[in-house]
Amino acid sequence: MEHIAALLLVIGCSNTMADCRELQVPVSVFATAEQCVAERPFVLGDVQGQADRIVAKCLAVDPALEDDYDQIVWSVRADGTLDASLAISSLVMASNTIRPEKDYLHQQ
């Protein structure tokens, strides 16, 4: 299995940068960061017209955490700067499979 070294995040915004959303692109994961950077201008050309302003950023993927990433956290500043990173949820779920049987005559 090939590892992912970079992810290309493309965001489309309104002219005022107040309303932004992720844009779908044909290829968003790359084996090297260099491939991501090289592909970025072509992807920006492909999504031209889908939003008033478009910003994109290549995000580095830590190979040790590749399967653990489950969030892309991003924000676009008023000046058009895209801040983005990959993250791992801090949500922890617990379950107890051993439950005492209910005694309906002596329910507490």
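Residues numbered from 1 in each chain as written. Predicted model: local features only at pLDDT ≥ 70, side-chain atom pairs only at ≥ 80, totals over all residues. Heavy atoms only, no water.

To continue, consider the pairing of strand β5 (residues 71-76). Strand residues, when the strand is regular, have side chains that alternate between the two faces of the sheet. Where β5 meets strand β6 (residues 82-87), 6 bridges bridge the pair, whose relative direction is antiparallel. Counted as the bridge partner of Ile72 is Leu86 from β6. If you look at the hairpin formed by β5 and β6, you'll find 5 residues sitting between the two strands, and Gly80 has a positive phi there, around 90°. (Pairing = 2+ DSSP bridges. Helix = DSSP H or I, 4+ residues; strand = E, 2+ residues; numbered from the N terminus.)

Attention now moves to the state of the cysteines. Inspection of every chain in the model, using the stated rule, returns 2 disulfides. Each sulfur of the disulfide joining Cys13 and Cys20 lies 2.1 Å from the other. Here the disulfide of Cys13 and Cys20 is right-handed, its torsion about the S-S bond being about 110°. Accessibility expressed as a relative area gives 22% for Cys20, which makes it partly exposed. Between the sulfur atoms of Cys36 and its disulfide partner Cys58 the distance amounts to 2.1 Å. Handedness here is read from the sign of the S-S torsion; for Cys36 and Cys58, about -100°, the answer is left-handed. (Disulfide = S-S within 2.5 Å. Buried < 20%, exposed > 50% of the residue type's maximum accessible area, 1.4 Å probe, protein only.)

Before going further, it helps to examine the nonpolar core. By size, the foremost hydrophobic cluster in this structure holds 12 residues: Leu7, Leu9, Ile11, Cys13, Met17, Val55, Leu59, Val61, Val76, Leu82, Ala84 and Leu86. The set of elements that each furnish at least two residues to this core consists of β1 (6-13), β4 (53-60) and β6. Sequence-distant contacts of Leu7, that is, excluding residues within four places in its chain, are made with Ser28, Val29, Cys36, Lys57, Cys58, Leu59, Val61 and Ile72. By size, the runner-up hydrophobic cluster in this structure holds 11 residues, among which are Val10, Phe30, Val43 and Val47. (Core = buried A, V, L, I, M, F, W, Y, C linked by side-chain atoms within 4.5 Å. Contact = heavy atoms within 4.5 Å.)

Right, let's talk about helix α1 (residues 33-46) for a bit. Taking 1.5 Å as the rise per residue, α1 with 14 residues should run 20 Å; its terminal C-alpha atoms sit 20 Å apart, in good agreement. At Arg40, α1 shows its maximal bend, which comes to roughly 40°, and the proline Pro41 appears one to four places after that position. Within α1 the residues assigned to the buried category are Cys36, Val43 and Leu44. Taken together, the buried residues of α1 touch β1, β3 (29-30) and β4. (Expected span 1.5 Å × (residues − 1). Bend = angle between axes of the 7 residues up to and from the residue.)

Once that is clear, we can look at the pattern of salt bridges. Taken as a whole and assessed by the stated rule, the structure comprises 1 salt bridge. With its nearest N and O atoms 2.9 Å apart, the salt bridge here joins Arg77 to Asp83. Residue classification places Arg77 among the partly exposed positions, given a relative accessible area of 45%. With a relative accessible area of 28%, Asp83 lands in the partly exposed category. (Salt bridge = Lys/Arg side-chain N within 4 Å of Asp/Glu carboxyl O.)

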